[in-house]
Amino acid sequence: SAAFRDSATNGNGLIIRNGTGRSDILASYFGTAVASDLTFTPTTAAGVQNEAMRITSAGNVGIGTTGPGVLLDVQKSNAGGTNSINLKNSDNTNGASHAQLQIQTGGTSGGDPSIYLYGGGDEYSIGIDNSDSDKFKISEYSGLGTNDRLVIDTTGNVGIGTTSPGTKFDVI
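Rules used throughout
- Residues numbered from 1 in each chain as written.
- Predicted model: local features only at pLDDT ≥ 70, side-chain atom pairs only at ≥ 80, totals over all residues.
- Heavy atoms only, no water.
- Pairing = 2+ DSSP bridges.
- Helix = DSSP H or I, 4+ residues; strand = E, 2+ residues; numbered from the N terminus.
- Salt bridge = Lys/Arg side-chain N within 4 Å of Asp/Glu carboxyl O.
- Buried < 20%, exposed > 50% of the residue type's maximum accessible area, 1.4 Å probe, protein only.
- Axes fitted to C-alpha atoms, helices over the stretch in contact; angles between N-to-C directions.
- Polar contact = N/O pair within 3.5 Å; in protein donor to acceptor, adjacent residues only side chain to side chain.
- Contact = heavy atoms within 4.5 Å.
- Patch = residues over 30% accessible without salt bridge, like charges linked within 9 Å, V, L, I, M, F, W, Y side chains within 5 Å.
- Areas by Shrake-Rupley, 256 points an atom, 1.4 Å probe, with all protein chains shown as cover.

1. Some words on the pairing of strand 8 (residues 114–118)
Then, in step 1: As judged from the five bridges shared by strand 8 and strand 9 (residues 123–129), these two strands associate in the antiparallel manner. Of the residues in strand 9, the one forming a bridge with I115 is I126.
Then, in step 2: Hairpin geometry of strand 8 and strand 9 is characterised by an intervening segment of four residues between the two adjacent antiparallel strands and by a positive phi of about 100° at G120.

2. Observations concerning the pattern of salt bridges
Then, in step 1: In this structure the tally under the stated criterion is seven salt bridges.
Then, in step 2: D129 is paired through a salt bridge with K137; the nearest N and O atoms lie 2.8 Å apart.
Then, in step 3: Judged by its relative accessible area of 2%, D129 is buried.
Then, in step 4: We note a salt bridge from E140 to R149, for which the minimum N-O separation is 2.6 Å.
Then, in step 5: Owing to a relative accessible area of 41%, R149 belongs among the partly exposed residues under this scheme.
Then, in step 6: Overlapping salt bridges bring together D129, D132, K135, K137 and D148 as one network.

3. Let's talk about unusual backbone geometry
Then, in step 1: The phi torsion at S133 lies on the positive side, around 55°, for a residue other than glycine.
Then, in step 2: Among the structural elements, S133 can be located in the loop between strand 9 and strand 10 (135–139).
Then, in step 3: Residue S133 is classed as exposed on the basis of its relative accessible area of 53%.
Then, in step 4: At N147, a position not held by glycine, the phi torsion is positive, near 55°.
Then, in step 5: Tracing the chain through its elements places N147 in the loop between strand 10 and strand 11 (148–152).
Then, in step 6: Using a relative accessible area of 40% as the deciding quantity, one classes N147 as partly exposed.

4. Thoughts on the sheet that holds strand 11
Then, in step 1: The strand order across the open sheet formed by six strands is 8-9-10-11-12-13, and the pairing between neighbours is mixed. Lying at the two open borders of the sheet, with one neighbouring strand each, are strand 8 and strand 13 (169–171). When the angles between neighbouring strand axes are averaged without regard to direction, this sheet yields 10°.
Then, in step 2: Across three bridges, strand 11 lies against strand 12 (residues 158–160) in antiparallel orientation. Within strand 12, the residue paired with L150 across the bridge is I160.

5. Points about the side chain of R54
Then, in step 1: Of note, R54 is situated in strand 5 (residues 53–55).
Then, in step 2: A polar contact is formed between the side chain of R54 and the side chain of E51, at a distance of 2.7 Å.
Then, in step 3: Look past the residues within four positions of R54 in its chain and what remains in contact with it is D37, L38, T39, N60, V61, G62, T65, T66 and P68.

6. A look at the environment of S142
Then, in step 1: Its location among the elements puts S142 in the loop between strand 10 and strand 11.
Then, in step 2: Spatially, the C-alpha atoms of S142 and Y118 are 8.2 Å apart, while their sequence positions differ by 24 residues.
Then, in step 3: Each residue touching S142, except ones within four places of it in the same chain, is listed here: Y116, E123 and S125.

7. A short note on a nonpolar patch on the surface
Then, in step 1: A contiguous nonpolar surface patch, about 560 Å² in accessible area, is contributed by L87, L101, I103, I115, L117 and Y124.
Then, in step 2: Here I103 lies in the loop between strand 7 (72–74) and strand 8.
Then, in step 3: Since its relative accessible area comes to 39%, I103 is described here as partly exposed.

See below:
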């Protein structure tokens, strides 16, 4: 193990240690009522240090932000460009080599697993509405169940303009 501290008295700094079956990196600050975040701050070729990533004491991870407010907060100002997150299984030899993004809740009594899309004007949600018989919905709103535009029920009936499609394709 290794410890990098500002003094032997207060122990502020970074501790890297190996234990049985695990390795830890600890950021420590032993001040009064101060939470300790772990930051990753690389140095550019010009000698400039810019924080690239932060893990807060609450467990939130921020990439491109110094104040992540959710579990994973990724931000970058990219005028004229595209910000992307890539999840790739690079194997091209086996048809069972998938890449999958899972969005789950605790179960049918939990909230709705969904994706929220917002571009500064209209907002849409796509997901499963647990409170409405597990119907798949596309809704023009930040949550499912309000302004539902397309609904697929668990029997495969598709509804446009209705939340209760009665036939295979029901348009109101």
